[in-house]
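Residues per chain are reported as follows:
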Amino acid sequence: MSGSDTIASLNWDHPSPFIVDLKVGEGHIDGLGHVNNSVYVGWCQDAGWAHSVSLGLDLQSYRDLDSAMVIRHAEYDYIGAAYLDDECFLGTWLTASDGRLNMERRFQLIRRDGRTLLRARWQLVCIRMSNGRAMRMPADFVHTYGSVVVATND
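Here is what the cut-offs are and how they apply
- Residues numbered from 1 in each chain as written.
- Predicted model: local features only at pLDDT ≥ 70, side-chain atom pairs only at ≥ 80, totals over all residues.
- Heavy atoms only, no water.
- Buried < 20%, exposed > 50% of the residue type's maximum accessible area, 1.4 Å probe, protein only.
- Helix = DSSP H or I, 4+ residues; strand = E, 2+ residues; numbered from the N terminus.
- Pairing = 2+ DSSP bridges.
- Patch = residues over 30% accessible without salt bridge, like charges linked within 9 Å, V, L, I, M, F, W, Y side chains within 5 Å.
- Areas by Shrake-Rupley, 256 points an atom, 1.4 Å probe, with all protein chains shown as cover.
- Salt bridge = Lys/Arg side-chain N within 4 Å of Asp/Glu carboxyl O.
- Polar contact = N/O pair within 3.5 Å; in protein donor to acceptor, adjacent residues only side chain to side chain.
- Contact = heavy atoms within 4.5 Å.

(A) Structural context of the pairing of strand 4 (residues 102-111). Most of strand 4 sits inside the fold, with nine of its 10 residues counted as buried. The pairing of strand 3 (residues 87-97) with strand 4 spans nine bridges and is classified as antiparallel. Following the sheet pairing, Ala 96 is matched in strand 4 by Glu 104. The turn joining strand 3 and strand 4, which pair antiparallel and follow one another in sequence, is formed by four residues; a positive phi near 75° is taken by Gly 99. Taken together, strand 4 and the strand that follows it, strand 5 (residues 116-128), pair antiparallel across an intervening segment of four residues, in which Gly 114 is found at a positive phi of about 95°.

Set out below in structure tokens:
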């Protein structure tokens, strides 16, 4: 089975995830011998940003629009542990957008053996970068992000 077949056959919570491949290194391991929870948070941050960039909304786009989507609330459910040299796949989706101020992003981390290790959910809000205040999403955000929102059952 090829690598892409392995990834496709994993039990993703939602269809068509944006996927980041990860390999656990020594710098990810804490005193308990497994990946530290702060590493998972960083991986989610990196995956969310990589997804946005892949859609064409990078930091320069944010600056040009004087707009950004920022985390208002985050939940992380640590289900299992990852260890040195584990190969994992972090999938992310945009799962809701009101087209005005708010979006939701979800994550699922799956180890190569198929075990889900983490689920996370972010509530995002649009802000004006120049003053940090909440603002209505610019049309570019509504169109670009809205075009990839997937429906959830919960």
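(B) Examining a nonpolar patch on the surface more closely. Together, Trp 49, Val 53, Leu 59 and Met 129 give the surface a local cluster of nonpolar side chains, amounting to about 310 Å² of exposed area. With respect to the helices and strands, Trp 49 occurs in helix 2 (residues 37-54). On the accessibility criterion, Trp 49 (32% relative accessible area) is partly exposed.

(C) Fine view of the pattern of salt bridges. One pass over the structure, following the stated rule, counts eight salt bridges. We note a salt bridge from Asp 86 to Arg 111, for which the minimum N-O separation is 3.8 Å. Taken together, the residues span a long stretch of sequence, with Asp 86 in the loop between strand 2 (67-78) and strand 3 and Arg 111 in strand 4 at a distance of 25 residues. Under the relative-accessibility criterion, Arg 111 is labelled buried at 13%.

(D) Representation of the side chain of Gln 108 in the model. If you trace the backbone, Gln 108 turns up in strand 4. Polar contacts involving the side chain of Gln 108 include one to the main-chain amide nitrogen of Asp 13, which spans 2.7 Å. In this view, Gln 108 contacts Asn 11, Trp 12, Asp 13, Phe 89, Leu 90, Gly 91, Trp 93, Thr 116, Leu 118 and Arg 119; residues no more than four positions away in its chain are not counted.

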